[in-house]
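Analysis of the macromolecular model
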Amino acid sequence: MDEIPTRPYLLRALYEWCVDNGYTPHLAVKVDARAQVPTEHVRNGEITLNISPAAVHKLQMGNELIEFSARFAGTVRQITVSVASVYALYARETGHGMTFDVDPAKPPAQARGEGEPRLRDAAGPAKNESAPQSGPSRQPALPAPTDRPNPPKPGSGGRPSLRRVK
């Protein structure tokens, strides 16, 4: 029997963490032929979706698919994406979250379970930018992973951030 990959469990845990802390969870997805998303919001084969409880209805985060309905330009749309095509889930307000490797050439059955998740900050919108509260948002600019931890300097009062784990 095949082992269930960790990705869907990590996505559900990160989503719950965002909601519990009052953050807005955003899902970054590589769009392929199987994805049911509003194509007018797809940029460079990718879409970022606000999946907060206020923005979506009937969210189901299964082991293979993530499904929900949401409004785009006032029209209710049914959204379906495969878990294997999700490459990040992060909190819009802080940028904290997790990224994943995605190989669009492989079907989900082969791609699932491959590629270790990467812990790192995803850069959210700049402080003077406004991101929509529902529907898709801008694609996060993900910083390059680092192999060395970057702890806050003693006495700086800074918060530690997520880092890549090998």
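Residues numbered from 1 in each chain as written. Predicted model: local features only at pLDDT ≥ 70, side-chain atom pairs only at ≥ 80, totals over all residues. Heavy atoms only, no water.

Each helix and strand counted, the chain has two helices and nine strands in total. Starting at the N terminus and ending at the C terminus, the chain contains elements arranged as α-β-β-β-β-β-β-β-α-β-β. Taking the intrachain contacts of the chain between residues at least 6 apart in sequence as the baseline, contacts between residues at least 24 apart amount to 58%. Summed over all atoms, the accessible surface of the chain reaches about 9800 Å², with 51% contributed by carbon and sulfur. (Helix = DSSP H or I, 4+ residues; strand = E, 2+ residues; numbered from the N terminus. Contact = heavy atoms within 4.5 Å. Areas by Shrake-Rupley, 256 points an atom, 1.4 Å probe, with all protein chains shown as cover.)

Unlike most non-glycine residues, Asn-44 shows phi in positive territory, near 55°. Note on placement: Asn-44 falls in the loop between strand E1 (25–30) and strand E2 (46–50). Of the residues examined, Asn-44 reaches a relative accessible area of 79% and is grouped as exposed. Residue Lys-58 is not a glycine yet carries a positive backbone phi of 55°. Here Lys-58 shows up in strand E3 (residues 56–61). What makes Lys-58 exposed here is its relative accessible area of 64%. (Buried < 20%, exposed > 50% of the residue type's maximum accessible area, 1.4 Å probe, protein only.)

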